[in-house]
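Summary of the model geometry
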Number of protein chains: 2
Amino acid sequence: MGATKNEIFHDQINEEAAIFKALGHPARLAIVKTLLTYKTCVGNYLTNEIPLAQPTISQHLKVLKNVGIIQGTIEGKSVCYCLNHNLIERLRVFVGDMLLQYDLQQTKCDC
Amino acid sequence: MGATKNEIFHDQINEEAAIFKALGHPARLAIVKTLLTYKTCVGNYLTNEIPLAQPTISQHLKVLKNVGIIQGTIEGKSVCYCLNHNLIERLRVFVGDMLLQYDLQQTKCDC
DNA sequence: ATAACATATCGTAATATTGCAATATGACAA
DNA sequence: TTGTCATATTGCAATATTACGATATGTTAT
């Protein structure tokens, strides 16, 4: 117990849930939104902007990187982060599919 | 330490992150997808369909209800669940905004 | 070489989440 | 009223997450 039972779900659902989960923390969502705002990639701007300790920010960046939402390139002594195109497009597709499915059904809920 | 520091973020980011977080577990995403598929509301169908114990499913339903993604109406001895229109539309808007912002920026990332 | 800077990693404490058995609740049927 | 069904709640153990101080790593400037 304690750990999520990923084995019992399809890979696709596990992956989609993992993307949502990564976005499901205010600091990480703030990082993503910052990367949406400043087209040019950000480095330690985040550490100054978000009032959390540097190791904490670094950890959140790692979570986003592991899921594939962002990528970072070393640029001198700082790291240049930006959004990962493939992941954003996956998000667009599967959230789009969910919302489309919703649109096609809603005459029915009589709760 | 240990708990998320919601105080340091804007309400809007906290709320959006909370929605993502609720969707960020395969069992809960499976529940939402089931509600998308079976237009008519589901009851203990979920308990039979998802191989997790009944209290576990009940707990996940509670999480989705607390965030407002689903709503349940007592219907005899079972409960009729369905998606909450307002929440789905909020999701559509803020994810749509994020993706639009992404579309408007992407000539820039040179990582 | 040394200092300064940006970032990552390690170790750890506090807290949250996940999952389930046991049990409670509430509705219907006999 | 008693039993059965569907769901919720409680209590608890296992595990994961969040946050940070201390420290390591790697790069540039002096």
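Residues numbered from 1 in each chain as written. Chains lettered and ligands numbered in written order. Predicted model: local features only at pLDDT ≥ 70, side-chain atom pairs only at ≥ 80, totals over all residues. Heavy atoms only, no water.

1. Description of the side chain of Asn 84 of chain B
Residue and element names in this part refer to chain B. With respect to the helices and strands, the residue Asn 84 is situated in the loop between β2 (78-83) and α5 (85-105). Classification of Asn 84 as buried rests on a relative accessible area of 18%. For Asn 84, the side chain forms a polar contact with the main-chain oxygen of Gly 68, separated by 3.4 Å. Once residues lying within four places of it in the same chain are set aside, the contact partners of Asn 84 are Gly 68, Ile 69, Ile 70 and Gln 71. (Helix = DSSP H or I, 4+ residues; strand = E, 2+ residues; numbered from the N terminus. Buried < 20%, exposed > 50% of the residue type's maximum accessible area, 1.4 Å probe, protein only. Polar contact = N/O pair within 3.5 Å; in protein donor to acceptor, adjacent residues only side chain to side chain. Contact = heavy atoms within 4.5 Å.)

2. Quick word on the protein's contact with DNA strand C
Contacts to DNA strand C come from 29 residues, most closely from Gly 2, Lys 5, Asn 44, Gln 54 and Tyr 81 of chain A. If you look at DNA strand C and keep only atoms within 4 Å of the protein, 68% of those are sugar or phosphate atoms. Here Asn 44 of chain A contributes a backbone N or O atom positioned 3.0 Å from a phosphate oxygen of DNA strand C. Thr 56 of chain B places a polar side-chain atom, nitrogen or oxygen, 3.2 Å from a phosphate oxygen of DNA strand C. Mapped by element, the contributors of at least two residues to the surface near DNA strand C are α4 (54-67) and β2 (78-83) of chain A together with α4 (54-67) of chain B. Looking at which element gives the most residues to the surface near DNA strand C, the answer is α4 of chain A, with five residues. Split into classes, the residues belonging to the surface near DNA strand C amount to 10 nonpolar, 13 polar and six charged. (Near = heavy atom within 4 Å. Nonpolar A, V, L, I, M, F, W, Y, C, P; charged D, E, K, R; others polar.)

3. Some points on helix α2 (residues 26-37) of chain A
Counting along an α-helix, one turn takes 3.6 residues, and residues three or four places apart therefore face a common direction. Residues and elements named next belong to chain A. Here α2 spans 16 Å end to end across 12 residues, near enough to the 16 Å set by a 1.5 Å rise per residue. α2 sits mainly inside the fold: 10 of its 12 residues count as buried. Restricting attention to buried positions, one finds in α2 the residues Pro 26, Ala 27, Arg 28, Leu 29, Ala 30, Ile 31, Val 32, Thr 34, Leu 35 and Leu 36. (Expected span 1.5 Å × (residues − 1).)

4. Focus: the nonpolar core
Counting residues in hydrophobic clusters, the biggest one holds 66 residues, and the most contacted among them are Ile 69 and Leu 83 of chain A together with Ile 69 and Leu 83 of chain B. Excluding residues that lie within four positions of it along the chain, Ile 69 of chain A makes contacts with Ile 19, Ala 22, Leu 23, Val 32, Leu 64, Cys 82, Leu 83, Asn 84 and Leu 87 of chain A. (Core = buried A, V, L, I, M, F, W, Y, C linked by side-chain atoms within 4.5 Å.)

5. Some words on the protein's contact with DNA strand D
Lining the immediate environment of DNA strand D, one finds 28 residues, of which His 60 of chain A together with Lys 5, Asn 44, Gln 54 and Tyr 81 of chain B sit closest. Within 4 Å of the protein, the contacting atoms of DNA strand D are 67% sugar and phosphate, with bases supplying the remainder. Within the side chain of Lys 5 of chain B, a nitrogen or oxygen atom sits 2.6 Å from a phosphate oxygen of DNA strand D. Between a phosphate oxygen of DNA strand D and a main-chain N or O atom of Val 79 of chain B, the distance comes to 3.1 Å. Listing elements by their share of the surface near DNA strand D, those giving two or more residues are α4 of chain A together with α4 and β2 of chain B. By residue number, the principal contributor to the surface near DNA strand D is α4 of chain B, which donates five residues. Among the residues making up the surface near DNA strand D, the classes are represented as nine nonpolar, 13 polar and six charged.

By themselves, these observations are geometric and do not establish any function.
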